[in-house]
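# Observations on the model geometry
Next come the chains, spelled out residue by residue.
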Amino acid sequence: MSIKLNLAAGLLLTALGVSAASAQTLVYCSEGSPEGFDPALYTAGTTFDASSHPIYDHLTEFKVGTTEVIPGLAESWDVSEDGKTITFKLRQGVKFHANDLFTPTRDFNADDVIFSFDRQGNSENPYNQVSGGTWEYYSGMSMPDLVESIEKVDDYTVVFHLTRPEAPFIANMAMDFASIVSKEYADAMLEAGTPEMLNQKPIGTGPFALQAYQKDAVIRYLRHEDYWGDKAKVQSLIFAITPDASVRYQKVQAGECHVMAYPNPADVQAMKDAEDIVVMEQEGLNVGYLAYNTKVAPYDNPKVRKALNMAIDKQAIIDVVFQGSGQIAKNPLPPTMWSYNEAVQDDAHDPEAAKAMLAEEGIDGLDMKIWAMPVQRPYNPNARRMAELMQEDLSKVGVNVEIVSYEWGEYLDRSKAEDRDGAVLLGWTGDNGDPDNFLAVLLGCDGVGASNRAQWCHKPFDDLIQQAKVLPTQAERAPLYEQAQEIFKEQAPWATIAHSVVYMTMRPEVEGYVVHPLGGHIFNQVGLSQ
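Residues numbered from 1 in each chain as written. Predicted model: local features only at pLDDT ≥ 70, side-chain atom pairs only at ≥ 80, totals over all residues. Heavy atoms only, no water.

### Some points on the state of the cysteines
Across all of its chains, the model carries two disulfides by this definition. Across the disulfide, C445 is cross-linked to C457 (sulfur-sulfur distance 2.0 Å). The sign of the 90° torsion about the S-S bond sets the C445-C457 disulfide as right-handed. Of the two residues, C445 is situated in the loop between helix 17 (436–443) and helix 18 (459–468) and C457 in the loop between helix 17 and helix 18; the sequence distance between them amounts to 12 residues. Among the cysteines of the protein that take part in disulfides, numbered as they appear in the sequence, the pairing is 1-2, 3-4. (Disulfide = S-S within 2.5 Å. Helix = DSSP H or I, 4+ residues; strand = E, 2+ residues; numbered from the N terminus.)

In structure tokens, the structure reads:
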């Protein structure tokens, strides 16, 4: 790194309150601000990157870079023969963080596990409605119907009693919504009359503790020195919040950031050709889509939805927006996932047929809103441009499109409304490597009003996915998911747009970074060479 670049890095670190002489500070250029720091309340990867990955732990974990489930706060687990009783043996000696509001008096134990889930599923829990109490994952995954009770056998043994077998349950416990929070901290904040601090000033057991947060600017973390596992390689972690991808790259070039996410696809080749820049890439476990509100006319008519899908030129979107980093999506599952239905036929791009189909359904001069995300995601690197291309395509079949957008947190909140006008651009990166995480969470009846942005509850589809999740093997489950994809294509609650490659751009001194197939940006194993 040149002297000029060293000076640039030093200026940023000094501005953020970190000594430029410290080689133990890692700076990540992130794309947006988190909605909060309690991951159970949210679904955005931006929020998980800032909360569940650095601050919290889970009963089980995914080995970074894989979908392999490994022990976390649970050292081991046992599943009963009927699949309805899961016993977790908890790790002892695990320390919580402290902050200026609270210093823990005990280690992690079974009370924290029970509280972390009870608050999501029990309407009588005093935290059930705190900070909005949306619990999108918990409800979208049918957890209220699944979890009959959670039993504390002793301080380090917890038993989940389920109403039915649940094939992905152990993997689900490694997901962000299943982050374990401190009951002792929650009780203290409730007594102080400030329960929202659980979300605003989080305390977990993870590799980093939150030090400070300035919205839309910076998040600062310090290494948790009493961490039970392998301690973080760096002493300090900084998220420099930088929404513009070009500016993020400029900061990486200047040495002001070590790692950045979501480069502009048009810039990737130049990044690969540049000296002193490292570009990692991996096929993403993701899908980008346009979700119609199937509860609002005329989008409650599958023929209208089909016609709109046929009007959209997806290849043009791939060419213009993704610029070689994506492929056309025909299914709600990515093609790398087991049970992907290769036999499904995609909707043809046929504007004339689309116009005729709309006329047959009595649709003339339709005014439609398309919601464009304000942030970049791997499954949609430029939502505004994508919406503009759709706007142009739909105008050719007599549909007048208005493009709307909101700040990211507001966008996600507003788009859940069951009376939402128009169609919303969103996407998904898998949380656990299981088809249930796409088909049930995003399209199941339990997700309506929350994670199911299409507000689509279709019994033949829902019956299949509910049946599939209780079967024990992939071989038994896969045919049901394949049938579900056929029904999805017939009913067209979404226009499936793209699956994308994920790129990560970083400086050469970064050591140990692994592209995670589940989309998270995880830094506890990342160091910096001298």
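Read on for the rest.
### Description of empty space enclosed by the protein
The tally for this structure, following the rule as stated, stands at four cavities of 30 Å³ or more. For the largest cavity, the calculated volume is near 100 Å³. Lining the largest cavity are Y262, P263, P265, S325, Q376, R377, P378, P381, V501, V502 and Y503. Looking at side-chain class alone, the lining of the largest cavity contains eight nonpolar, two polar and one charged residues. The volume enclosed by the second largest cavity comes to roughly 80 Å³. Looking at the second largest cavity, the residues that line it are N309, I312, K314, D346, D347, F488, K489, A492, W494, A495 and T496. At the level of elements, helix 19 (474–491) and strand 18 (494–506) are the ones that each hand at least two residues to the lining of the second largest cavity. With three residues, the top contributor of residues to the lining of the second largest cavity is strand 18. (1 Å grid on protein atoms, 1.4 Å probe; cavity = no way out; pocket = protein on both sides within 12 Å on 5 of 7 lines; lining within 4 Å. Points joined across faces, edges and corners; volume = space filled by probe spheres on them. Nonpolar A, V, L, I, M, F, W, Y, C, P; charged D, E, K, R; others polar.)

### Let's talk about the side chain of S116
Note that S116 resides in helix 4 (residues 110–121). If near-sequence neighbours (up to four positions away) are discounted, S116 is found in contact with S179, I180 and V181. (Contact = heavy atoms within 4.5 Å.)

### Topic: the pairing of strand 6 (residues 147–154)
Relative to strand 7 (residues 157–162), strand 6 runs antiparallel, the two being bridged by six bridges. When the bridges of strand 7 are listed, I150 appears paired with F160. Counting the residues between successive antiparallel strands, the hairpin from strand 6 to strand 7 contains two residues. (Pairing = 2+ DSSP bridges.)

### Overview of the sheet that holds strand 4 (residues 74–79)
A sheet is described by the order of its strands in space; here four strands give the open sequence 4-5-7-6, paired in antiparallel fashion. Whereas interior strands pair on both sides, the edge strands pair on one side only; in this sheet they are strand 4 and strand 6. Within this sheet the neighbouring strands show an average axis-to-axis angle of 20°, counted without direction. When strand 4 meets strand 5 (residues 85–90), the two strands line up antiparallel, connected through five bridges. Across the sheet, residue W77 finds its bridge partner in strand 5, namely F88. Docked against the sheet, helix 4 engages strand 5, strand 6 and strand 7, running at close to 170° with respect to strand 6. (Axes fitted to C-alpha atoms, helices over the stretch in contact; angles between N-to-C directions.)

### Remarks on the nonpolar core
Core analysis: the biggest nonpolar cluster contains 152 residues, and L59, F117 and F160 have the highest contact counts within it. By residue number, the principal contributor to this core is strand 18, which donates seven residues. Excluding residues within four positions of it along the chain, F160 makes contact with L59, K84, T85, I86, F88, V113, F117, S149, I150, F169 and M173. V27, V218, C257 and V268 belong to the second largest nonpolar core, which has 14 residues in total. (Core = buried A, V, L, I, M, F, W, Y, C linked by side-chain atoms within 4.5 Å. Buried < 20%, exposed > 50% of the residue type's maximum accessible area, 1.4 Å probe, protein only.)

### So, the pattern of salt bridges
Counted by the stated rule, this structure contains 28 salt bridges. One salt bridge connects E166 with R164, and the closest N-O pair in it is separated by 3.6 Å. Taking the shortest distance from any N to any O, the salt bridge between E418 and K295 comes out at 2.4 Å. Here K295 lies in the loop between strand 13 (286–292) and helix 12 (302–311) and E418 lies in the loop between helix 16 (408–414) and strand 17 (423–429), a separation of 123 residues in the sequence. Judged by relative accessible area, which is 37%, E418 ranks as partly exposed. Accessibility expressed as a relative area gives 46% for K295, which makes it partly exposed. (Salt bridge = Lys/Arg side-chain N within 4 Å of Asp/Glu carboxyl O.)

### Examining the environment of Q491
Along the chain, the position of Q491 falls in helix 19. Residue classification places Q491 among the buried residues on the basis of a relative accessible area of 18%. Distance in space between the C-alpha atoms of Q491 and K303 is 8.0 Å, their sequence separation being 188 residues. Excluding its chain neighbours within four sequence positions, the residues that come into contact with Q491 are P302, R305, W456 and H458.

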